[in-house]
Amino acid sequence: MSYNLLKGKKGIIFGALDENSIAWKVAERAYEEKASFVLTNTPASLRIGKIYELSHKTKSMVIPADATSIQDLNILFEKTLDHFGGKIDFLLHSIAMSINIRKGLTYPSLNYEFLRKGWEISAVSYHKIMQTAWNKKAMNKWGSIVAITYIASQRSFPHYGDMSDYKSYLESITRNFGYHWGIKEKVRVNTVSQSPSITRAAKAVKGFNQLLILSEKISPLGNASAQDCANYIITLFSDLTRKVTMQNLYHDGGFSHTGISEALIS
Ligand code: NAI
């Protein structure tokens, strides 16, 4: 159902790879809510993924960009502002990659070069995107910037490896850059801490299917799906949440505040 929540709003969505991606679901919902947006991903992901299917469906332009490259981000923002003939209202960072996890390296045996690359991709890219938007004066007043995180930033989940540390850093950037955006432009910056859902990035985590089942049993409302996550993010892009900023917002069916559930015991 559409409520026209984003009518007249414009934005950039990072990280839609295929129909399972959280960013894909956000793009579909944003389109239903009458937003206009640019889709972006790395050149390699544009080749292996299905982004052109999504751009066709949502009548949106695709601009390739590696979110770790300031040069790419400058081009992306210049083309986007040019395309819309003015500033934008929302940004979604839905990007993560751990090379250590991909290579099966556990937390005690991290490779530090992989660590640096994964950190650049999964966390520092959020700062770079915001810095580029800041320098280009790209955001309208009362705009909204959102990234997606996981509770392994706050508690230990052994198989989540160095991604746990990237997520902690991502949440810290949210608080610190959120302050400056608020003061200067009345723009809000948040992270959404989402339940597990099966996507390409998630499949790389060892024992992910068991985590999904366990999390479902612990959460009083059950896991939040990627579709649920998209619905929530739409509210954060809308004018209904103008004073919510610098927060890590749990969207997890109650998982984060449950010790143990009867379902798990039985
Ligand atoms: P996904 O694999 O569909 O999306 C990850 C995206 O990151 C891909 O589109 C990939 O191309 C993009 N990416 C990788 N390197 C990049 C770079 N250098 N520049 C630009 N884009 C790059 O997986 P998913 O699950 O949709 O992930 C989106 C976000 O949600 C991630 O931050 C992830 O950690 C987070 N998240 C996912 C959960 C899950 O269970 N699926 C749970 C909680 C958070």
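Since the model is a prediction, treat every value here as computed from it, not as a measurement. (Residues numbered from 1 in each chain as written. Predicted model: local features only at pLDDT ≥ 70, side-chain atom pairs only at ≥ 80, totals over all residues. Heavy atoms only, no water.)

(A) Looking closely at the sheet that holds strand β6 (residues 188–194). With respect to topology, seven strands assemble into an open sheet ordered β3-β2-β1-β4-β5-β6-β7, the strand pairing being parallel. Taken across any chain shown, the strands that pair with only one partner, and hence form the sheet edges, are β3 (61–62) and β7 (248–251). Pairing of β6 with β7, which is carried by four bridges, proceeds in the parallel orientation. Of the residues in β7, the one forming a bridge with T191 is N248. (Pairing = 2+ DSSP bridges. Helix = DSSP H or I, 4+ residues; strand = E, 2+ residues; numbered from the N terminus.)

(B) Spotlight on the site of the ligand. The environment of the ligand is made up of 27 residues, and the closest members are S21, N41, S45, S197 and T199. Between an oxygen atom of the ligand and a main-chain N or O atom of G15, the distance comes to 2.9 Å. Between D66 and the ligand, the recorded distance is 3.0 Å, taken from a side-chain N or O atom to a nitrogen atom. Considering the ligand on its own, with 820 Å² of exposed area, one finds that the protein chains cover 94% of that surface. Elements represented by at least two residues in the shell around the ligand include exactly β5 (139–149) and α8 (200–203). For the shell around the ligand, the element with the highest residue contribution is α8, accounting for three residues. (Near = heavy atom within 4 Å. Polar contact = N/O pair within 3.5 Å; in protein donor to acceptor, adjacent residues only side chain to side chain. Areas by Shrake-Rupley, 256 points an atom, 1.4 Å probe, with all protein chains shown as cover.)

(C) How the structure looks around the packing of aromatic side chains. Going through the model one piece at a time under the given rule, you end up with eight aromatic pairs. Between F90 and F237 the ring centres are 4.5 Å apart and the planes differ by 25°, which places this aromatic pair in the stacked class. In this pair, F90 sits in strand β4 (residues 88–93) while F237 sits in helix α10 (residues 226–237), placing the two residues 147 residues apart along the sequence. In this structure F90 comes out as buried when scored by relative accessible area, which is 0%. On the accessibility criterion, F237 (1% relative accessible area) is buried. Three or more aromatic residues joined by ring pairs make a cluster, and in this case those are Y150, F157, Y160 and F255. Here the basic side chain of K184 rests over the ring of W134, its NZ or CZ set 4.7 Å away from the ring centre. (Phe/Tyr/Trp six-rings, centres within 6.5 Å; stacked < 30°, edge-to-face > 60°. Buried < 20%, exposed > 50% of the residue type's maximum accessible area, 1.4 Å probe, protein only. Lys NZ or Arg CZ within 6 Å of the ring centre and 35° of its normal.)

(D) Representation of a nonpolar patch on the surface in the model. On the surface, a nonpolar cluster with roughly 300 Å² of combined accessible area is contributed by Y179, I183 and M246. Tracing the chain through its elements places M246 in the loop between α10 and β7. In this structure M246 comes out as partly exposed when scored by relative accessible area, which is 31%. (Patch = residues over 30% accessible without salt bridge, like charges linked within 9 Å, V, L, I, M, F, W, Y side chains within 5 Å. Salt bridge = Lys/Arg side-chain N within 4 Å of Asp/Glu carboxyl O.)

(E) Focus on the side chain of T149. By the secondary structure assignment, T149 is in strand β5. Residue classification places T149 among the buried positions, given a relative accessible area of 3%. A polar contact is formed between the side chain of T149 and the side chain of E171, at a distance of 2.6 Å. For T149, the residues in contact, after removing those within four places along its chain, are K167, L170, E171, T191, V192, S193, Q194 and N248. (Contact = heavy atoms within 4.5 Å.)

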